[in-house]
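Residues per chain, in single letters:
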Amino acid sequence: MPMILLQAEELHIAYGSTDILRDISFQVRTGDYLGIVGPNGSGKSTLIRAMLGLVPATSGAVRLLGQPLAQFSDWQKIGYLPQRLSFANPHFPATVEEIVRLGFIDKHGPKRRIDASEARHLEEILTRMGIIDLRQQLIGHLSGGQQQRALLARALVGRPALLLLDEPTTALDPETREDFYAIVKELNRELGTAIVLITHDTWNIGQYAKRFVYLDKTVIFDGTFAEFCASAEMTSFFGEHSNKTIYHHHGEHC
Amino acid sequence: MPFFEILGYGFIQRALIAGTLIGLLCALLGIFLVLRRFSLIGDGLAHFTFGSVALVLLCGVSATWVTYAAIPLVLIGALGILKLTSSARIHGDTAIGIVSALGIALGVILASLSGGYNVDLFSYLFGNILIISRNDVLLTAALAIVVVAVVALRGRAFFAVAFDEDLARTSGINTGRANIILVLLTALTVVLAMKLVGIMLVSALLILPPVAALQLGRGFLPTLLLAAACGILSVLSGILASFALNLPTGGTIIVASFLLFVVAALVGRWRRG
């Protein structure tokens with residue numbers, strides 16, 4: 001039985017009297033690839049932030065790797081790629097390699113020194129992400145796609161068991177987006193890394209994710225993409241011509 | 001007067017030693033403040049220090065002890081600023097603006113109650129290297145040791161927080177504690193720097209050398225070292241130029257650091273083509 005990496009139990013989040021998320025319960029196990037979609041304001045990003053303790057839950061519980069969130073400390077096992085970063089200064093004095101190295105974590109936070117095997121792993125990740133030649137470039141000087149690859153490398157370098165991606169392809173062109181999804185799929189297939197990916201890009205995530213959650217302040221649907229395509233929720237979300245749209249994009253019906 | 005003769009004066013020696021340390025402190029802390037977009041916290045702390053110094057002078061504390069008496073007040077103010085800036089209901093720069101205005105307003109009222117602006121208060125407002133004592137130098141050296149140790153041990157964590165606070169939190173960093181340490185060390189630095197550059201100008205010393213270094217630095221450690229060099233160079237050249245040209249020391253230090261920033265910006269632009 002695959003290990004439960006992430007568990008939400010009756011999670012409820014409210015700002016004042018406004019419900020943002022209510023009665024959210026689901027699990028993510030080793031090897032899962034969970035795509036979460038939903039309309040704007042459906043609480044997708046709040047959900048992923050709540051899973052990481054970045055947003056306090058009004059009630060309910062989150063467990064990471066079996067531990068309650070408040071006691072969780074094994075952050076090396078969790079990779080996170082936020083929707084947008086707070087740094088905006090193109091002169092932020094960090095090279096790509098320095099940013100990726102921040103992903104080596106011990107109980108005090110990012111490691112001050114890495115050993116020889118970690119240095120080799122760093123090289124492998126930079127190569128795999130196709131940014132080995134950019135390692136000495138300032139992070140702010142890269143294109144949006146290159147920055148996403150660097151940040152994905154940061155999230156992966158600690159060999160996480162669970163990778164949480166919050167709308168990672170929003171700023172990418174279609175070609176780079178496909179490339180990004182292919183890398184994530186490969187990680188899931190080859191290393192068994194569990195993926196939780198929030199996106200508006202339903203067509204792509206439908207192709208790649210093994211499991212599909214449709215969120216609108218609460219979990220409306222939880223199943224496979226094929227089941228979702230056959231469900232009533234799909235028509236309400238995408239409109240009555242949704243099947244034709246998917247055919248147009250991917251050459252196949254749901 | 002021959003240049004080396006200047007160095008024979010005790011007050012110049014104390015100013016140069018304390019100035020070197022303050023240049024180092026301001027640069028090491030300022031780089032994180034600038035990258036965290038906390039630059040204005042230095043300004044808020046300086047203005048709060050003005051109110052604190054005015055209160056201490058009103059209480060009749062002798063000039064020798066003004067710095068030490070102001071420290072606890074400014075540390076409390078620093079925690080208040082941090083609390084306000086992290087409030088969801090008040091934007092960070094608005095919170096700092098409120099505290100800055102309050103600090104100045106209290107300072108003006110308290111100065112008026114103590115008989116108006118006197119020489120002591122002006123010395124703290126605009127700096128006066130003649131009042132830097134041996135104890136000030138020792139206290140600044142102790143703080144410099146603490147700051148260098150904190151940056152050496154936790155600099156990577158501060159750097160991660162500056163890059164992205166959410167990513168830092170999900171790396172196991174206690175970002176709240178990191179922010180408190182950064183702001184408290186900055187508050188101590190502001191108080192100790194007020195005799196050198198003055199309350200009104202100290203925030204510039206927290207901003208200009210780091211910003212100059214950011215024009216040229218590639219990588220975190222080189223930029224940190226460059227900022228430290230810019231901070232020390234600004235202060236030393238400012239002190240010596242002020243003495244040679246008979247200019248106010250605080251203002252001359254800030255003009256020196258601004259000129260250094262202009263040079264760095266031009267070199268940076270030239271390097272980028």
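Structure first, text after, so check above.
Quantities reported herein were computed from a predicted structural model and do not represent experimental measurements. (Residues numbered from 1 in each chain as written. Chains lettered and ligands numbered in written order. Predicted model: local features only at pLDDT ≥ 70, side-chain atom pairs only at ≥ 80, totals over all residues. Heavy atoms only, no water.)

Quick notes on the overall build of chain A
Then step 1. Per the secondary structure count, chain A includes nine helices and 12 strands.
Then step 2. Within chain A, the fraction of its 254 residues that count as buried is 53%.
Then step 3. Long-range pairs, those at least 24 residues apart, make up 66% of the contacts in chain A between residues at least 6 apart in sequence.
Then step 4. Accessible area for chain A stands at about 11,300 Å²; split by element, carbon and sulfur atoms hold 48% of it. (Helix = DSSP H or I, 4+ residues; strand = E, 2+ residues; numbered from the N terminus. Buried < 20%, exposed > 50% of the residue type's maximum accessible area, 1.4 Å probe, protein only. Contact = heavy atoms within 4.5 Å. Areas by Shrake-Rupley, 256 points an atom, 1.4 Å probe, with all protein chains shown as cover.)

Points about the overall build of chain B
Then step 1. Assigned secondary structure in chain B consists of 12 helices and zero strands.
Then step 2. When the helices and strands of chain B are read in sequence order from the N terminus, they spell out α-α-α-α-α-α-α-α-α-α-α-α.
Then step 3. If one aligns the C-alpha atoms of chain B with their principal axes, the spans along those axes are about 50 × 45 × 30 Å.
Then step 4. Out of the 273 residues belonging to chain B, those deemed buried represent 52%.
Then step 5. Of the contacts made within chain B by residues no fewer than 6 positions apart, 77% connect residues no fewer than 24 positions apart.
Then step 6. Summed over its atoms, the accessible surface of chain B is roughly 11,600 Å², and 71% of this surface lies on carbon and sulfur atoms.
Then step 7. Averaged over its 15 positive side-chain charges, chain B has a centre that lies 9 Å from the centre of its 8 negative ones. (Lys, Arg positive; Asp, Glu negative; His and termini not counted. Charge placed at Lys NZ, Arg CZ, Asp CG, Glu CD.)

Some thoughts on the packing of helix H2 (residues 10-35) of chain B against helix H11 (residues 220-245) of chain B
Residue and element names in this part refer to chain B.
Then step 1. Running from amino to carboxyl end, H2 crosses H11 at an angle of 150 degrees, the nearest separation of the two axes being 8 Å. Between H2 and H11, the angle falls in the class roughly antiparallel. Considering only the axes of H2 and H11, their crossing is right-handed. On H11, the residues that touch Phe-11, Ile-12, Ala-15, Leu-16, Gly-19, Thr-20, Gly-23, Leu-24, Ala-27, Leu-28, Ile-31 and Phe-32 of H2 are Phe-220, Thr-223, Leu-224, Ala-227, Ala-228, Gly-231, Ile-232, Val-235, Leu-236, Ile-239, Leu-240 and Phe-243.
Then step 2. Within the contact of H2 with H11, the residues separate by chemical class into 19 nonpolar, five polar and no charged. (Axes fitted to C-alpha atoms, helices over the stretch in contact; angles between N-to-C directions. Parallel < 35°, antiparallel > 145°, perpendicular 65-115°, else oblique. Left-handed = near helix turned anticlockwise from the far one by under 90°. Nonpolar A, V, L, I, M, F, W, Y, C, P; charged D, E, K, R; others polar.)

With respect to empty space enclosed by the protein
Residue and element names in this part refer to chain A.
Then step 1. Considering all chains together, one arrives at three cavities of 30 Å³ or more under this definition.
Then step 2. Taken as a whole, the largest cavity spans an internal volume of roughly 60 Å³.
Then step 3. Those elements giving two or more residues to the lining of the largest cavity turn out to be strand E6 (78-81) and helix H4 (144-156).
Then step 4. In the lining of the largest cavity, the residues fall into four nonpolar, six polar and one charged. (1 Å grid on protein atoms, 1.4 Å probe; cavity = no way out; pocket = protein on both sides within 12 Å on 5 of 7 lines; lining within 4 Å. Points joined across faces, edges and corners; volume = space filled by probe spheres on them.)

Focus on the packing of aromatic side chains
Then step 1. Inspection of every chain in the model, using the stated rule, returns 17 aromatic pairs over all chains.
Then step 2. Judged by centre distance (6.2 Å) and plane angle (45 degrees), the rings of Phe258(B) and Phe261(B) are tilted. Separated by three residues within a single helix, Phe258(B) and Phe261(B) lie in helix H12 (residues 249-272), roughly one turn from each other.
Then step 3. By relative accessible area, Phe261(B) is classed as partly exposed at 22%.
Then step 4. An aromatic cluster is present here, built from Phe92(A), Phe32(B), Phe158(B), Phe159(B), Phe163(B) and Phe220(B) joined pairwise through their rings. (Phe/Tyr/Trp six-rings, centres within 6.5 Å; stacked < 30°, edge-to-face > 60°.)

Here's the deal with the nonpolar core
Generally speaking, a soluble globular protein has its nonpolar side chains buried in company with each other.
Then step 1. The biggest cluster of nonpolar side chains holds 166 residues, and the ones touching the most others in it are Leu6(A), Leu152(A) and Leu162(A).
Then step 2. Per element, the largest residue contribution to this core is 18 residues, and it comes from H2(B).
Then step 3. With residues up to four places along the chain from it excluded, the contact list for Leu162(A) reads Leu5(A), Leu6(A), Val28(A), Leu64(A), Lys77(A), Ile78(A), Gly79(A), Thr193(A), Ala194(A) and Val196(A). (Core = buried A, V, L, I, M, F, W, Y, C linked by side-chain atoms within 4.5 Å.)

Focus on the environment of Glu118(A)
Residue and element names in this part refer to chain A.
Then step 1. Inspection of the secondary structure assignment puts Glu-118 in helix H3 (residues 116-128).
Then step 2. For the pair formed by Glu-118 and Val-157, sequence separation is 39 residues and the distance between their alpha carbons is 8.5 Å.
Then step 3. When residues no more than four places from it in sequence are discounted, the contact partners of Glu-118 are Phe-104, Lys-111 and Arg-113.

Section: the sheet that holds strand E2 (residues 18-29) of chain A
Residue and element names in this part refer to chain A.
Then step 1. In spatial order, the strands read E2-E1-E4-E5; together these four strands make up an open sheet with antiparallel pairing. Lying at the two open borders of the sheet, with one neighbouring strand each, are E2 and strand E5 (67-68).
Then step 2. By the bridge criterion, five bridges tie strand E1 (residues 4-15) to strand E4 (residues 59-64) in an arrangement that is antiparallel. Bridge pairing in E4 links Glu-9 to Ala-61. (Pairing = 2+ DSSP bridges.)

Describing H4(A)
Residue and element names in this part refer to chain A.
Then step 1. If you check H4, its first and last C-alpha atoms are 18 Å apart, about what 13 residues at 1.5 Å a residue would give, namely 18 Å.
Then step 2. For H4, the buried fraction is high: 11 of the 13 residues fall into the buried class.
Then step 3. Listing the buried residues of H4 in full gives Gly-145, Gln-147, Gln-148, Arg-149, Ala-150, Leu-151, Leu-152, Ala-153, Arg-154, Ala-155 and Leu-156. (Expected span 1.5 Å × (residues − 1).)

Quick look at the sheet that holds E6(A)
Residue and element names in this part refer to chain A.
Then step 1. Pairing in this open sheet of six strands is mixed, and the strands run E6-E9-E10-E3-E11-E12 from one edge to the other. Single-partner strands in this sheet number two, and they are E6 and strand E12 (219-223). Between one strand axis and the next, the sheet turns by 10 degrees as a mean value, whatever way the strands run.
Then step 2. Here strand E3 (residues 33-37) runs beside strand E10 (residues 194-198); their pairing, made up of four bridges, is parallel. Across the sheet, residue Leu-34 finds its bridge partner in E10, namely Val-196.

Things to note about the interface of chain A and chain B
Interfaces are often described in size by the accessible area the parts lose on coming together.
Then step 1. Every contact between the two is made by 33 residues of chain A and, on the other side, 27 residues of chain B.
Then step 2. Approximately 2,800 Å² of surface area, both sides summed, lies buried where chain A meets chain B, with 59% of it carried by carbon and sulfur atoms.
Then step 3. The largest contributions to the chain A side of the interface with chain B come from Phe92(A), Pro93(A) and Arg112(A), which together make up 21% of the buried area.
Then step 4. For the pair chain A and chain B, the number of links is one salt bridge.
Then step 5. Between Arg49(A) and Asp166(B) there is a salt bridge, with its nearest N and O atoms 2.3 Å apart. (Buried area = accessible area lost by both parts, 1.4 Å probe. Salt bridge = Lys/Arg side-chain N within 4 Å of Asp/Glu carboxyl O.)

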